[in-house]
Each structure stands twice: as C-alpha cells, then as structure tokens.
Amino acid sequence: MTFTLGEDSPLLQPVTIGDTVAANRIFMAPLTRSRAQADGTPSDLAAEYYSQRGAAGVIISEATAVSADANGAYMNTPGNYTDTHQEKWAEIAAAVHETGGRMFMQLWHVGRMAHPDISGTEVVGPSAIAADLTTHTRQGKQPLPVPRALDTAEIVPIVERFRASARRAIDAGMDGVEIHSANGYLLHEFLSDVVNQRTDAYGGSPDNRARLTAEVVEAIVAEVGAGRVGLRISPGNPAGDMREVDTIGAYEALLNRIGGLGLAYLHVVADPSTPEFGVIRSLWPQTLVLNTGRATDTSFCQLEELADWGVIGAAAVGRAFLANPDLIDRLRVGADLNTPDEATFYAPGPVGYVDYPTLADLELKSA
Ligand SMILES: Cc1cc2nc3c(=O)[nH]c(=O)nc-3n(C[C@H](O)[C@H](O)[C@H](O)COP(=O)(O)O)c2cc1C
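Residues numbered from 1 in each chain as written. Predicted model: local features only at pLDDT ≥ 70, side-chain atom pairs only at ≥ 80, totals over all residues. Heavy atoms only, no water.

## Remarks on helix α7 (residues 249–258)
Item 1. Among the ten residues in α7, seven count as buried, and that is most of the element.
Item 2. Every buried residue of α7 is accounted for by Gly249, Ala250, Tyr251, Ala253, Leu254, Leu255 and Ile258.
Item 3. Those residues of α7 that are buried are in contact with α5 (186–191), α6 (206–224), β12 (229–233), β13 (265–269) and α8 (275–283). (Buried < 20%, exposed > 50% of the residue type's maximum accessible area, 1.4 Å probe, protein only. Helix = DSSP H or I, 4+ residues; strand = E, 2+ residues; numbered from the N terminus. Contact = heavy atoms within 4.5 Å.)

## Description of the packing of helix α4 (residues 155–171) against α6
Item 1. Between α4 and α6, whose axes approach to 9 Å, the crossing angle comes to 35 degrees. Where α4 crosses over α6, the two elements pack in a sense that is right-handed. Note on element contacts: α6 touches α4 through Leu212, Glu215, Val216, Ala219, Ile220, Glu223 and Val224, opposite Ile155, Val159, Phe162, Arg163, Ala166, Arg167 and Ile170.
Item 2. Residue composition of the contact of α4 with α6, grouped by class: ten nonpolar, no polar and four charged. (Axes fitted to C-alpha atoms, helices over the stretch in contact; angles between N-to-C directions. Left-handed = near helix turned anticlockwise from the far one by under 90°. Nonpolar A, V, L, I, M, F, W, Y, C, P; charged D, E, K, R; others polar.)

## So, the packing of aromatic side chains
Item 1. Within this structure, the stated rule accounts for eight aromatic pairs.
Item 2. Measuring from ring centre to ring centre gives 6.1 Å for tyrosine 74 and tyrosine 346, while their planes differ by 10 degrees; the resulting arrangement is stacked. Within this pair, whereas tyrosine 74 is found in the loop between β5 (64–65) and α2 (83–98), its partner tyrosine 346 is found in the loop between α11 (327–333) and α12 (359–366), the two being separated by 272 residues in sequence.
Item 3. Given a relative accessible area of 28%, tyrosine 74 falls into the partly exposed group.
Item 4. Ring centres of phenylalanine 345 and tyrosine 346 lie 6.2 Å apart, and the angle between their planes is 85 degrees; this geometry places the pair in the edge-to-face category.
Item 5. You can call tyrosine 346 partly exposed: its relative accessible area is 41%. (Phe/Tyr/Trp six-rings, centres within 6.5 Å; stacked < 30°, edge-to-face > 60°.)

## Notes on the pattern of salt bridges
Item 1. This model, assessed by the stated rule, comprises 16 salt bridges.
Item 2. For the salt bridge of arginine 148 with glutamate 154, the shortest nitrogen-to-oxygen distance reads 2.8 Å.
Item 3. Accessibility expressed as a relative area gives 29% for arginine 148, which makes it partly exposed.
Item 4. Residue glutamate 154 is classed as partly exposed on the basis of its relative accessible area, which comes to 24%.
Item 5. Between arginine 257 and glutamate 218 there is a salt bridge; the shortest N-O distance is 2.8 Å. (Salt bridge = Lys/Arg side-chain N within 4 Å of Asp/Glu carboxyl O.)

Structure below.
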C-alpha cells in the first residue's frame, strides 16, 4: 500500500534525541542480518548496506554482542568487543556520516536464546528455564538448551561488558548506543516474572527484576553520557518464547529508576492501542520511539497521526527499510514500496542485502 508524506508531515520534521539531531522521525529499526564474519567482525558489505539507508533519521544497528559469550542466538551476528570489530564499525559509522546520516549501535546479550554450537560457550539466563524454540546451527536446526542460572557474582561483569562495548561504539564514531532489553534476550528475561525465578537481588519484586537493565543503563550513561543512550523494551511481547504475567510492574520500576537520567530516547515495541503502551507512555514523558511490532505491516498513516498528536517522538521501521534503501524518498512521492524477501533476511551474501533497487534504479531500468 502506498502512502504520501507531505513536506509538512510531522514524520519529516527534525527531532533532537539527546546529543543527536535527526533529520526526520523515521528511524531504521535494528535488524539482524546474519552476514558478519565468523569472528564477529561485521561484513565487508555492511558499510554499503547501512549507508544506502543513511536518509533514515537515525539508523539503529543490528543487535551486536557485548562479549563472545553474549552471542549465540543466530549464526554470523556481529560483536563489538575487539579492536578488529571496532575498526570495522568505525568504517560503517564513517560511511553513514558521509551520507549525512546518524547511527546508534544496538548492544545485546542473548541470554537463554543461545545455542552453544553457535557461541562456543555455555548458555546462561536468569534461571534454568529454557525457551521452547529452535535455532539454525551449523549442525542444522536444534532446540535451545536449558540455560544455567547466572550466579549473582557473574552479573556485575556482564554490566561491565555492556559498558566497555558502549565505549568502543562511541570511540568507533557511533552517535549513540541502544541497549537491547526487548524480545526475550537477557535483559528482558530478567524483567520477566515467569522466566526470572531468582531469589537474589535480581529476582522477585519489580524493583529487583528491573535491576539488571537499570544497572546497565546507569553504567553506560556514566561512561558515554545520557544523551547518547537509548533503551529498547517490549513489554508483554511473546517474541523469544517470552512470558510475563505481570507485564507492567518491572517496567514501572525501571522507568521510575532511570526516568531522571535524561536518556536520548525510550524505544518501545508495542501495538500502540494496548494498555501496556498507554502505561509506558504515561510513565515516560520524554522522547519515545515506537516500533509497532512484527505482527502487522507498518501503517505510515497511523505513525503520522501518532507523531501529529505528540504521542511518539519518532517511529522505528524495520522491514520497510530493509527492502527500501530510499524509503524516505519513496514516502515523499507516494511511490510503491519493494516487498521484503524473507528468504534472504538471514542468508549470507549481497542478495537481499545491498541489491534492493531504489526508485532511480527502477527508472533507469525502464528507460
Ligand atoms: C530480519 C529481522 C531482524 C531483526 N533483528 C532485530 C535485532 O537485531 N534487534 C531487535 O531489537 N529487533 C530485531 N528485529 C525486530 C525489528 O526491529 C522490528 O521490531 C520488527 O521487524 C517489526 O517492525 P517492522 O514491522 O517495521 O519490520 C528484527 C526483525 C526482522 C524482520
């Protein structure tokens, strides 16, 4: 379906998120593309892929591991914990900046969503409760194992790895980092009252379940400054076999604790008509970036309305950006959008990565 954004559309107006001024309010959502090298260094094509999409208000990178043992959910996902990783990310940040774009790096620890055949390390989580899912490994599709519950003493080092990786991201020239506390990965697992059955200071009450995400946020803010830090959450989102009976308590505790820090933005994956979104919105009067989730196709009409009403500061768009490097230009003129090819979302190589045509490519072809 096509939709035209007029020049006065609120989605096409600049927005300040912390230390960054974004030229428009249509951000590129984080998208794992499984094309990184075996050691976690981003692909040689990544600079081209991201810079093709530099017209996004902000590009949020694919999820990037903060340490070797933070990886393992999918094959060929990148990291940012060695000098080699950092050098390649610096090339990517420079290529995006060259186009006038802005870029944040999404930082993750996959927690129980890992397979040791991918990471080469033990799978850990808040409690010994497995995600009832399979993942593709070199040996084929395999079920995810029961994780080992982290000892309390192992948690501070994890916070430290997030901090160190954020420092590397900023040193590589990224405009900021987004902490991944959504979609069933480690930080989200701690927020859950079902997956987290701990009896130490990191489990039980909402304050305790919020503690790990809050400590990661605080450590990164102390390291790089609040204006360069975003946080992604997905309350009640079942992705990653995530279960939460209490979908609000830990989020309320989290936002109350970090609300005064002055973060660049809060990124919420949610259907905006749900009660969870309403509660989060009321708890977070600052800049909110919305991603409407994978269950529906993006409605730019709905996003424009939400921006117009001041409900959202910006929208993050995933699959439409994946398939349309010139998404912003297409929306300006109401052009048809390319259809995302799911078969190449996580496939190696350039096809479905750097070869989606722009309008100009299509015009050349038809001339
Ligand atoms: C191929 C693919 C990879 C994704 N990788 C990530 C990721 O690395 N980090 C993340 O937080 N979400 C990830 N997501 C979720 C997207 O950021 C987004 O929430 C989802 O695609 C729904 O938005 P959309 O309808 O605009 O695509 C991924 C989604 C897709 C389709």
